[in-house]
Amino acid sequence: MKPTKTRLRTGLLAMLLASLCLPAAAGSLRERLAQRRAAAGLDAVDTTPAVIPPGVRVLRDVPYGGDPAQRMDVYLPAQGTARAPVIFMVHGGGWSRGDKAMRSVVQDKVARWVPRGFVVISTNYRMLPGTRPIEQARDVARALAVAQGRAAGWGADRDRFVLMGHSAGAHLVGLLAAEPELAYDRGALPWLGTVSLDSAALDVVAIMQGPHLPLYDAAFGDDPAYWRAASPLQQLKTRGAPFLAVCSTRRRESCPQARNFATKANGLHMRAQVLGEDLSHREINEQLGMPGDYTAQVETFLATLDPVVARRLNGPR
């Protein structure tokens, strides 16, 4: 009987220890899930309106198509400018939410670059469930084409556009960078370069073949052919404009995908580099434009794209 009692006591002790560990394990799991949701753009959307500094004029809801979602905002120096370079920004939100006017999307970018003689454009696009990512990329391309066509009237230079996007928006500009014909087919002209702000969807095929959040199923479905067509890594086949992939070193997927994309791009003689930052997914968007090393490194890349861009980055501070 003694061994039986010993086993019983051991089992009861194990159950007690397990019950004590459950809250901690559950908490850890909740934290990991929260981090993954935030990284995918599923955390609460910050609807705080951006504070636009004096000296900036805004043209709201400029249309580029017939749908109410096909609108962009244009931020201009109030005193006017001539042949200004353009930062063309695409918001994130898991391909299903977000907005061009969110504080995290435009506030510090506008405050940083418009006083230096840039025009900043922030665009919306049709979203899930009605519009899937490839068509969303085509919306971005349509917006780009319309903005380039109207650039001279805004004091901007149609030949000096830089594409920039965060999260899902980073995937969309990444897809256009990898397959620029998607943009050219919608009337867009070549652009100077692309800045991808923490996309974890540069390799859609790898995502869909492994464990992933349900939002990726909603976006990319179950057809491997669509995965390939929507994947910047798989669509990257020829040299394109220079590419900067900013990635959060706190995430598991973002930097490895960025490095794989850059390796393939450089193999095609397309200049691509990776900037790993010890910032959260959200901070990579929010803090771009704030004074500091992160913004300075992005601007170092921007300055390599064009002499006019370089001169304006060294303008008023």
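Residues numbered from 1 in each chain as written. Predicted model: local features only at pLDDT ≥ 70, side-chain atom pairs only at ≥ 80, totals over all residues. Heavy atoms only, no water.

Overview of the overall build of the protein chain
Per the secondary structure count, the protein chain includes 13 helices and 8 strands. Per-residue burial for the protein chain yields a buried fraction of 52% across its 317 residues. Of the contacts formed within the protein chain by residues at least 6 apart in sequence, a portion of 75% connects residues at least 24 apart. Accessible area of the protein chain: about 14,200 Å², with a carbon and sulfur share of 57%. (Helix = DSSP H or I, 4+ residues; strand = E, 2+ residues; numbered from the N terminus. Buried < 20%, exposed > 50% of the residue type's maximum accessible area, 1.4 Å probe, protein only. Contact = heavy atoms within 4.5 Å. Areas by Shrake-Rupley, 256 points an atom, 1.4 Å probe, with all protein chains shown as cover.)

Side note on the sheet that holds strand β5 (residues 156-166)
Read from one edge to the other, the open sheet built from 8 strands follows the order β1-β2-β4-β3-β5-β6-β7-β8, with strand pairing classed as mixed. At either end of the open sheet lies a strand with only one pairing partner, and these are β1 (56-63) and β8 (272-277). The sheet shows a mean angle of 20° between the axes of neighbouring strands, taken without regard to direction. Here β1 pairs with strand β2 (residues 71-77) via 6 bridges, running antiparallel. Among the inter-strand pairings, Val58 is bridged to a residue of β2, identified as Tyr75. The strands touched by helix α2 (residues 103-113) are β1, β2, β3 (84-90), β4 (119-123), β5 and β6 (193-197); relative to β4, the strand with the most contacts, the crossing angle is about 165°. (Pairing = 2+ DSSP bridges. Axes fitted to C-alpha atoms, helices over the stretch in contact; angles between N-to-C directions.)

A few points about the nonpolar core
Grouped together as the largest cluster of nonpolar side chains are 50 residues, with contacts concentrated most on Phe88, Trp95, Ile121 and Phe220. Top element by residues in this core is helix α3 (residues 133-150). It accounts for 8 residues. Setting aside residues up to four positions removed in sequence, Phe220 forms contacts with Trp95, Arg132, Pro133, His171, Val204, Met208, Tyr226, Trp227 and Ala230. One finds Val120, Val298, Leu302 and Leu305 within the second-largest nonpolar core, a separate group that totals 31 residues. (Core = buried A, V, L, I, M, F, W, Y, C linked by side-chain atoms within 4.5 Å.)

A few points about the packing of α3 against helix α4 (residues 168-178)
At a minimum axis distance of 9 Å, the contact between α3 and α4 shows a crossing angle of 75°. Put simply, α3 runs roughly perpendicular to α4. Along the contact surface, α3 presents Pro133, Ile134, Gln136, Ala137, Val140 and Ala141, while α4 presents His171, Leu172, Leu175 and Leu176. In the contact of α3 with α4, the residues fall into 8 nonpolar, 2 polar and no charged. (Parallel < 35°, antiparallel > 145°, perpendicular 65-115°, else oblique. Nonpolar A, V, L, I, M, F, W, Y, C, P; charged D, E, K, R; others polar.)

Side note on the state of the cysteines
Applying the stated rule across the entire model yields 1 disulfide. Here Cys247 is linked by a disulfide to Cys255, with a sulfur-sulfur distance of 2.1 Å. An S-S torsion of about 95° defines the bridge between Cys247 and Cys255 as right-handed. By the burial criterion, Cys247 is buried, and Cys255 matches it. (Disulfide = S-S within 2.5 Å.)

Here we look at α3
Side chains that are three or four residues apart share a direction in an α-helix, a result of its 3.6 residues per turn. In this model α3 runs 26 Å from its N-terminal to its C-terminal C-alpha over 18 residues, within 8% of the 26 Å that 1.5 Å per residue would give. Taken as a whole, α3 has its buried residues at Pro133, Ile134, Gln136, Ala137, Asp139, Val140, Ala141, Ala143, Leu144, Ala145, Ala147 and Gln148. (Expected span 1.5 Å × (residues − 1).)

Structural notes on helix α12 (residues 293-303)
Within α12, burial applies to Tyr294, Thr295, Val298, Glu299, Phe301 and Leu302. The arc that holds the buried residues of α12, viewed along the axis, is 155°, so those residues lie on one side. Facing away from the buried surface of α12 by more than 90 degrees, the exposed residues are Asp293 and Thr300. (Arc of directions from axis to C-beta.)

Quick look at the environment of Met72
Inspection of the secondary structure assignment puts Met72 in strand β2. Residues Met72 and Asp61 lie 11 residues apart in sequence; the distance between their C-alpha atoms is 5.1 Å.

The values reported here are purely geometric and, on their own, carry no functional implication.
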